[in-house]
Amino acid sequence: MKKNGWIPTVCYQCKAECAILVRLEDGCIKEIRGNPKARGKACVKGMAGISLEYDKDRLTRPLKRTGKRGEGKFEPISWDEALNIITDKLKSLKDRGEAHKLTANFFPHSITDPKWRFLDAYGGFINTALPHCDSGKIVACIKTMGGVPNHHIPPAWFTVPKDGIMIMSGRHAFGGLDDASAPGHILDAKARGAKLVVLDPIFTADAAKADWWIPIKPAGDTAFFLGMIQHIIANDLYNKKFIDKWVREGDFNKLKNYIEDKTPEAMSKICDVPAADIKKLATECAKAPSVGVDSFKGIMLGQALDFGHAWTIFLAVTGNIDNPGGQPLPDLTPMTPVEPVPVGPDLNELGWHRTGKDKESFSNYSFIMEPTWYQAQAIKNGDLKVLINSEANPALTEMGHKEWRDAVCMVDDNDEYKLELLVSYEIMLSETSKYADLVLPDKSYFERWELLYMPWWYNFGKGVLLRQPVVEAPGKCRHSNEIFIELGKRLVPEYFTFKDDVEYYDIQLAGLGLSVKKLQDMGGLWSPRTMGFRKYEKNGGFGTPSGKLHLYWEDLEGVNQAMPRPGLAPEYEVNIDKYPFILISYRTIFHAGAGQWTHNNPQLRDTVSGFFENPVLINKSAATKLNIKDGDNVTMSSRTGQIKCKAKLTERIRPDCVGLVHGFGSTVGRTATMGQGVSDNILIPDSGSTLDWQDVVGGESHVSTRVRIEK
Ligand SMILES: Nc1nc2c(c(=O)[nH]1)N[C@H]1C(S)=C(S)[C@@H](COP(=O)(O)OP(=O)(O)OC[C@H]3O[C@@H](n4cnc5c(=O)[nH]c(N)nc54)[C@H](O)[C@@H]3O)O[C@H]1N2
Ligand SMILES: Nc1nc2c(c(=O)[nH]1)N[C@H]1C(S)=C(S)[C@@H](COP(=O)(O)OP(=O)(O)OC[C@H]3O[C@@H](n4cnc5c(=O)[nH]c(N)nc54)[C@H](O)[C@@H]3O)O[C@H]1N2
Ligand code: SF4
Ligand SMILES: [Mo]
């Protein structure tokens with residue numbers, strides 16, 4: 001390991017995973033910046049990674065619970081003892097024919113992440129954070145364009161031509177970074193003569209840079225896009241050549257019939273944007289050389305799947321699929337399979353851990369991985385027996401976290417926990433680890449090997465990035481991948497014949513003529529550096545069954561979703577008098593998720609240069625009516641909970657909305673508990689216990705909930 005100089009690796013202060021350079025002095029990290037070779041930039045969190053690495057709260061040895069779940073009392077144990085406990089439990093689970101009752105929460109850094117391999121080989125169930133973000137778009141991408149399941153492929157803003165249009169619809173790209181270089185690319189495109197349009201109930205940093213801010217009503221985005229599509233079709237502004245060649249026969253006519261009455265005037269009533277504005281943007285988009293639409297969390301409460309559908313139709317009628325400045329389709333890096341390739345369990349047969357009255361209708365959606373909050377239901381039902389948590393914080397991160405906490409503490413008639421084993425892999429203790437039977441100390445992203453080759457690496461199209469150790473791990477930390485490989489060797493050895501993680505990656509890289517060592521020598525990055533636009537032309541069509549775009553989803557006729565529905569989510573239509581405001585939770589550039597990592601970071605939690613607390617944003621006119629002044633203490637209640645916080649009056653939010661930064665409220669960690677702030681998730685209802693309708697719209701209500709504010 002080098003002791004001095006700049007080393008290329010990959011940041012993991014948030015899920016964007018940007019390419020960075022780390023400067024070492026005598027083996028100590030002194031500076032972090034973006035890796036220019038990968039067009040990388042480091043944001044404020046990325047640069048503050050030094051404080052994470054040397055945090056006094058870092059875990060350094062395995063811990064075993066001594067008190068009750070939730071008390072957070074532990075004693076140190078050896079790795080051997082910890083691994084024996086896990087192996088014994090997993091052996092007995094498999095012997096009972098219940099291997100699929102193991103779930104692992106983790107963030108897959110690649111689709112053949114060793115953790116995922118273990119789950120497939122053992123027969124367990126993966127649960128990732130991914131569906132929270134944009135499952136509506138993922139499913140739509142598969143259904144309409146036959147795209148590969150993909151977390152998020154933002155338009156490649158660095159390819160936007162002059163006069164191209166960039167639309168942010170429920171996307172806060174300057175705060176919820178998907179790549180720290182994206183804001184710079186957006187501004188560069190603007191400087192080239194492209195236009196930025198932001199649809200957001202809050203005047204965000206993006207809105208401040210925009211040519212046009214449209215303060216849309218929350219969940220109005222589907223209606224807004226349908227209004228634009230109607231205008232484009234009714235006025236013959238659509239891309240006829242593209243549609244004739246690439247849309248499945250009959251679909252465009254079905255769309256034409258369906259869209260006839262979705263006029264900008266009609267849609268305006270739903271989304272609260274003047275019809276003239278809908279028409280203006282529609283006309284501009286039809287004429288522009290390219291239009292890219294980025295949307296993410298903001299569309300998740302509205303009928304997320306309906307929005308995703310409207311989004312793909314809009315791209316199709318304007319001819320903006322897989323073109324520069326439009327929506328790229330993924331291009332998978334051809335990694336070599338590691339034989340024998342394990343086949344995961346058939347969850348349709350064994351049963352997803354879905355519960356509730358809409359369990360059956362979920363099969364319609366072909367691809368939505370189970371969000372964390374369903375774990376609570378699965379534990380109650382006896383469908384989840386062992387949970388291994390890593391790189392996630394379900395006790396805090398989600399609405400429904402209270403149900404999750406109750407469920408993991410639930411006992412059966414013999415006074416045994418219904419969830420038989422809960423293991424949490426951590427860098428530092430978290431809200432979740434307080435409930436764990438075993439807490440395992442992970443290596444930080446500065447201390448471990450990892451191969452990243454998912455197709456959404458925004459900056460260079462397909463490629464491979466290497467995360468490599470730049471410093472030694474403290475104490476007895478071991479990376480979760482090493483441990484899952486070890487568990488694999490113990491439980492399903494036929495799939496784990498390679499020596500370790502590095503040898504596993506070497507096999508995967510062989511087909512590209514690479515190895516970990518070679519990649520290291522090349523500066524940690526391999527990429528042909530092409531986005532590979534209009535791949536459907538070369539590949540003879542799209543990945544759909546017909547090879548054409550499917551605008552009409554006949555398989556969802558039964559649930560009335562063959563075409564996107566413009567209506568607002570049911571949550572908006574009830575309890576308006578009692579809860580007059582819509583709560584919007586959003587991100588700040590200083591913090592990531594509800595994780596310990598940034599909230600416990602003194603640089604990011606600093607009162608002057610960081611983000612210390614999360615007051616509720618209220619529009620001045622609305623606050624005046626309630627006699628609330630700037631800085632007043634207020635209570636905010638929803639039908640599921642109540643919080644107390646400070647009020648911050650501003651003009652920068654719609655008067656019918658209030659805003660709260662997501663991710664606060666941790667009760668562990670020296671710095672995390674010093675700062676102030678409240679968790680938005682106390683207020684947000686979850687579908688497991690409160691919102692019956694959510695399963696059938698494919699959305700999740702992180703973004704907005706009805707609330708009341710009182711002084
Ligand atoms: N700094 C930071 N960066 C992150 C993360 C982080 O935690 N911190 N997390 C990463 C992850 S996992 C994700 S999923 C992404 C999320 O990235 P984003 O989705 O861009 O993040 P949010 O800030 O939650 O953005 C939601 C935006 O939508 C707006 N909004 C809310 N409701 C509506 C609506 O109905 N319509 C419209 N048009 N707008 C609406 C909000 O005001 C807010 O500006 O960020 C990633 N990057
Ligand atoms: N109200 C509301 N709720 C939301 C959202 C929202 O916008 N509003 N956003 C949702 C979204 S899009 C997502 S993706 C989820 C994310 O939710 P989670 O997937 O739970 O992610 P985080 O909250 O960031 O928690 C990550 C955890 O991993 C730990 N960690 C960090 N680095 C490492 C590491 O190297 N190894 C290990 N073992 N652990 C590590 C952190 O300390 C932290 O405890 O939250 C969802 N919840
Ligand atoms: S956006 Fe910032 S914190 Fe997230 S990976 Fe990139 S540099 Fe790191
Ligand atoms: Mo996310």
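Model, not experiment: these values are computed from the prediction.

**Overview of the overall build of the chain**
Then step 1. Along the backbone of the chain there are 24 helices and 23 strands.
Then step 2. For a compact globule of 711 residues, the expected C-alpha radius of gyration is about 27 Å, and the chain comes in at 25 Å, within 12% of that figure.
Then step 3. In terms of its C-alpha atoms, the chain occupies a principal-axis envelope of roughly 70 × 65 × 55 Å.
Then step 4. Within the chain, buried positions represent 62% of all 711 residues.
Then step 5. The long-range fraction of contacts in the chain, counting pairs at least 24 apart against all pairs at least 6 apart in sequence, stands at 73%.

**With respect to helix α11 (residues 264-271)**
Then step 1. What α11 keeps buried is the set P264, M267, S268 and C271. One side of α11 carries all its buried residues, which in axial view fall inside an arc of 115°.
Then step 2. The inward-facing, buried residues of α11 contact α8 (221-234) and α12 (275-287).
Then step 3. Among the residues trailing α11, D272 stands out with phi positive, at a value near 60°.

**Thoughts on the sheet that holds strand β2 (residues 19-25)**
Then step 1. Spatially, β1-β2-β3 is the arrangement adopted by the 3 strands of the open sheet, whose pairing is antiparallel. Only two strands of the sheet have a single neighbouring strand rather than two, namely β1 (5-10) and β3 (28-34). Here the average twist between neighbouring strands, direction ignored, is 30°.
Then step 2. As paired strands, β2 and β3 are joined by 6 bridges and run antiparallel to one another. Looking at β3, one finds that L24 is bridged to I29.

**Looking at the site of ligand 1**
Then step 1. Residues in contact with ligand 1 amount to 31 residues; listed here are only the nearest, R171, L177, D200, A219 and H591.
Then step 2. In this structure, a nitrogen atom belonging to ligand 1 sits 2.8 Å away from a main-chain N or O atom of G175.
Then step 3. Out of a free accessible area of 910 Å², ligand 1 has 97% covered by protein chains.
Then step 4. Class assignment for the residues of the shell around ligand 1 results in 14 nonpolar, 10 polar and 7 charged.
Then step 5. Each of two domains, domain 3 (146-330 + 540-559) and domain 4 (570-710), supplies a minimum of three residues to the shell around ligand 1.

**Examining the side chain of H479**
Then step 1. Residue position: H479 is located in the loop between β16 (464-467) and α18 (480-491).
Then step 2. Looking at H479, the relative accessible area reads 0%, which means it is buried.
Then step 3. Setting aside chain neighbours within four positions, we find H479 in contact with Y425, D442, K443, R448, W449 and E450.

**Some details on the sheet that holds β16**
The strands that make up a sheet are held in pairs by hydrogen bonds between backbone atoms, and each pair lies either parallel or antiparallel.
Then step 1. Sheet architecture is open: 3 strands sit in the order β15-β16-β17, paired in antiparallel fashion. Of all strands in the sheet, those bounded by a partner on one side alone are β15 (450-452) and β17 (525-526).
Then step 2. Relative to β16, β15 runs antiparallel, the two being bridged by 3 bridges. Bridge pairing in β16 places L452 opposite L465.

**Describing the side chain of S181**
Then step 1. Inspection of the secondary structure assignment puts S181 in the loop between β8 (165-169) and α6 (182-191).
Then step 2. Since its relative accessible area comes to 3%, S181 is described here as buried.
Then step 3. Among residues more than four places away in sequence, those in contact with S181 are R39, K41, Y458 and N459.

**A few points about the environment of P108**
Then step 1. Position of P108 among the secondary structure elements: in the loop between β6 (102-105) and α4 (114-122).
Then step 2. Its relative accessible area of 1% is what places P108 among the buried residues.
Then step 3. In this structure the C-alpha to C-alpha distance between P108 and K15, which are 93 residues apart in sequence, comes to 9.9 Å.

**Some remarks on the domain arrangement of the chain**
Then step 1. For the chain, the domain assignment lists domain 1 (5-53), domain 2 (63-122 + 340-454 + 464-526), domain 3 (146-330 + 540-559) and domain 4 (570-710).
Then step 2. Each of domain 1 and domain 4 has a C-alpha centre, and the two are 30 Å apart.
Then step 3. Counting residues at the interface gives 9 residues for domain 1 and 10 residues for domain 4.
Then step 4. Scanning the region where domain 1 abuts domain 4 turns up 0 salt bridges.
Then step 5. At the surface where domain 1 touches domain 4, the tally comes to 3 residue pairs in polar contact (both at pLDDT 80 or more).
Then step 6. Where the side of domain 1 that touches domain 4 is concerned, the elements lending two or more residues are α1 (44-47) and α2 (49-53).
Then step 7. Counted by class, the side of domain 1 that touches domain 4 contains 6 nonpolar, 2 polar and 1 charged residues.

**Regarding the site of ligand 2**
Then step 1. N393, R448, A594, W597 and N681 are the nearest of the 31 residues found near ligand 2.
Then step 2. Note that an oxygen atom of ligand 2 is positioned 2.8 Å from one of the backbone N or O atoms of N393.
Then step 3. Residue assignment for the shell around ligand 2 shows that the elements contributing at least two residues are α5 (130-145), β13 (421-426) and α23 (596-599).
Then step 4. Partitioning the shell around ligand 2 into residue classes produces 10 nonpolar, 12 polar and 9 charged.
Then step 5. Split by domain, the shell around ligand 2 shows at least three residues from each of two domains, domain 2 (63-122 + 340-454 + 464-526) and domain 4 (570-710).

**Observations regarding α18**
Then step 1. Its 12 residues give α18 an end-to-end C-alpha distance of 16 Å, which sits within 8% of 16 Å, the value for a rise of 1.5 Å per residue.
Then step 2. The complete set of buried residues in α18 reads S480, N481, I483, F484, I485, L487, G488 and L491.
Then step 3. Contact partners of the buried residues in α18: α3 (79-95), α4, β12 (386-390), β13, β15 and α19 (501-510).

**Regarding the pattern of salt bridges**
Then step 1. In the structure shown here, the tally under the stated rule is 46 salt bridges.
Then step 2. R448 is paired through a salt bridge with E450; the nearest N and O atoms lie 3.0 Å apart.
Then step 3. Overall, R448 belongs to the buried group, its relative accessible area being 3%.
Then step 4. Across the pair E486 and R490 runs a salt bridge, and its minimum N-O distance is 3.5 Å. Placement of the pair is E486 and R490 together in helix α18, with a separation of 4 residues, close to one helical turn.
Then step 5. Owing to a relative accessible area of 26%, E486 belongs among the partly exposed residues under this scheme.
Then step 6. Among the residues examined, R490 registers a relative accessible area of 28% and is labelled partly exposed.
Then step 7. One connected set of salt bridges, linked through shared partners, spans D80, K443, R478, E482, E486 and R490.

The rules behind these values
- Residues take numbers from 1 onward in each chain, read along the sequence in its written order.
- Lettering for chains starts from A, numbering for ligands starts from 1, and both go in the order in which the items are written.
- Given that this is a predicted model, residues contribute local features only at a pLDDT of at least 70 and side-chain atom pairs are listed and counted only at 80 or more, while totals for whole chains, interfaces and linings are drawn from all residues.
- As a rule here, side-chain values cover all heavy atoms of the structure and leave hydrogens and water aside.
- In DSSP terms, a helix is any run of H or I states spanning at least four residues, a strand is any run of E spanning at least two, and both are numbered starting from the N terminus.
- Computation of the radius of gyration draws on C-alpha atoms, with the globule rule given as 2.2 Å multiplied by the number of residues to the power 0.38.
- Only protein chains enter the calculation, and the probe is 1.4 Å; a residue is then buried if its accessible area is under 20% of its type maximum, exposed if over 50%, and partly exposed in between.
- Residue contacts are defined here by distance: any two heavy atoms, one from each residue, within 4.5 Å place the two residues in contact.
- The reported arc concerns the directions from the helix axis to the C-beta atoms and nothing else.
- Should DSSP find at least two bridges between two strands, the strands are taken to pair.
- Fitting a line to C-alpha atoms yields each axis, with helices limited to the stretch in contact; the angle taken between N-to-C directions then spans 0 to 180 degrees.
- Distances are taken per atom, and a residue is near a molecule or strand as soon as one of its heavy atoms is within 4 Å of it.
- Pairs of N or O atoms are called polar contacts if they sit within 3.5 Å, as long as, within protein, a hydrogen donor faces a hydrogen acceptor (for residues adjacent in sequence, only side-chain-to-side-chain pairs).
- The accessible surface values rely on the Shrake-Rupley method and a 1.4 Å probe; as for residues, cover is taken only from the protein chains in view.
- Polar here means any residue outside two lists: the nonpolar Ala, Val, Leu, Ile, Met, Phe, Trp, Tyr, Cys and Pro, and the charged Asp, Glu, Lys and Arg; Gly therefore counts as polar.
- For the purposes of this description, domain bounds are those given by an automatic or database domain assignment.
- For this document, the term salt bridge refers to a Lys or Arg side-chain nitrogen within 4 Å of an Asp or Glu carboxyl oxygen.
- In a helix, the anticipated span is given by 1.5 Å times the number of residues less one.

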